[in-house]
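Results of the structural survey
These are the residues of each chain, in order.
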Amino acid sequence: LMIPICDVRGRVIAFGGRILEDRKDAPKYMNSPENIVYSKDRHLFGLNVAKKEDTKKLVIVEGYMDVISLHQRGVKNVVGALGTALTEQQGWLLRKHSEQIILGFDSDGAGQAAVVRSMEILQNMGCDMRVLQMEGAKDPDEYIIKYGTAGFNKLIDNAISLIEYKVKVLKNKLNLDNTIDRIKFLNEIAKIISKVDNTIEKEIYIEKIAKEYQISKEAIYAEVNKIAYSN
């Protein structure tokens, strides 16, 4: 299967190949070699189509098959990264065309590692950045097939913020039934929240995290203030 890769103006600059049958002797995907016209670091697959729709919220996924599947099912505000990690040039493209950027990478280890790398890039650009929470599916294509367009749009609406994502990742690494892990969780939460500059935003995060993880608000405030004082 050959797929044309276009720049933001709709000009074909490369092709992507996808093997439809399982073959161990050949790569699953193969793109045109990079040259003076095409560099995957500087382009986003499907942006030329997505920008014609409402891109106030723009979802970025890993591959072009995810983009095609979502567009076919009516979710048009989607682009592909053309690689396993978002680049700075792609970050500026997203920043230019959207108010809110939602990371929808696969739920496997490589996809979650891509989320972390992408967050670091987009955070430095001052983006309103969210992360999809796909449970029950390994990638956006599988999710929309299982739960439909309405289900995927609900997923977009419920995408969590960078702070919430960091807390969730931290929680998954620890056993909160263990006293030592629970103390470590509180200390690390305080470090994450202390980096938030806006006082109202900080208060909202503390309220939400305290309720969700059953931790005293006063305890979180005390640790956050301790870090602020030491700084």
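Each value, and the rule that gives it
- Residues numbered from 1 in each chain as written.
- Predicted model: local features only at pLDDT ≥ 70, side-chain atom pairs only at ≥ 80, totals over all residues.
- Heavy atoms only, no water.
- Helix = DSSP H or I, 4+ residues; strand = E, 2+ residues; numbered from the N terminus.
- Buried < 20%, exposed > 50% of the residue type's maximum accessible area, 1.4 Å probe, protein only.
- Contact = heavy atoms within 4.5 Å.
- Lys, Arg positive; Asp, Glu negative; His and termini not counted.
- Charge placed at Lys NZ, Arg CZ, Asp CG, Glu CD.
- Axes fitted to C-alpha atoms, helices over the stretch in contact; angles between N-to-C directions.
- Parallel < 35°, antiparallel > 145°, perpendicular 65-115°, else oblique.
- Left-handed = near helix turned anticlockwise from the far one by under 90°.
- Polar contact = N/O pair within 3.5 Å; in protein donor to acceptor, adjacent residues only side chain to side chain.
- Patch = residues over 30% accessible without salt bridge, like charges linked within 9 Å, V, L, I, M, F, W, Y side chains within 5 Å.
- Areas by Shrake-Rupley, 256 points an atom, 1.4 Å probe, with all protein chains shown as cover.
- Salt bridge = Lys/Arg side-chain N within 4 Å of Asp/Glu carboxyl O.
- Phe/Tyr/Trp six-rings, centres within 6.5 Å; stacked < 30°, edge-to-face > 60°.

**As for the overall build of the chain**
Across its full length, the chain carries nine helices and eight strands. Its C-alpha atoms give the chain principal-axis dimensions of roughly 55 × 35 × 35 Å. In the chain, buried positions account for 44% of the 231 residues. Across the chain, every contact between residues at least 6 apart in sequence was considered, and the portion connecting residues at least 24 apart equals 58%. Within the chain, one finds 34 positive and 32 negative side-chain charges whose respective centroids are separated by 2 Å.

**Overview of unusual backbone geometry**
The backbone of Gln 214 sits at a positive phi, close to 55°, despite the residue not being glycine. When you line up the elements, Gln 214 lands in the loop between α8 (199-213) and α9 (217-230).

**Some remarks on the packing of helix α2 (residues 64-72) against helix α5 (residues 140-157)**
Contact geometry for α2 and α5: axes closest at 10 Å, N-to-C directions at 25°. Of the possible angle classes, the one that applies to α2 and α5 is roughly parallel. Seen from above, α2 lies across α5 with right-handed handedness. On the side of α2, the interface is formed by Asp 66, Ser 69 and Leu 70, while α5 contributes Pro 140, Asp 141, Ile 144 and Phe 152.

**Some details on the environment of Ser 161**
Mapped onto the secondary structure, Ser 161 falls in strand β8 (residues 160-161). Through-space distance from the C-alpha of Ser 161 to that of Tyr 205 is 9.9 Å; in sequence the pair is 44 residues apart. Within the local environment of Ser 161, its side chain forms a polar contact with the side chain of Tyr 205, the two groups lying 3.0 Å apart.

**Describing a nonpolar patch on the surface**
Side chains of Met 2, Val 12 and Phe 15 sit close together on the surface and give an oily, nonpolar patch of about 310 Å² of accessible area. With respect to the helices and strands, the residue Val 12 is situated in strand β2 (residues 12-18).

**Some thoughts on the packing of aromatic side chains**
All told, the structure shown has four aromatic pairs when counted by the stated rule. Aromatic side chains Tyr 143 and Phe 152 sit 6.2 Å apart centroid to centroid with 70° between the ring planes, which places their arrangement in the edge-to-face category. Judged on exposure class, the residue Tyr 143 and its partner Phe 152 are both buried. Of the aromatic side chains, those joined through ring pairs into one cluster are Tyr 143, Tyr 147 and Phe 152.

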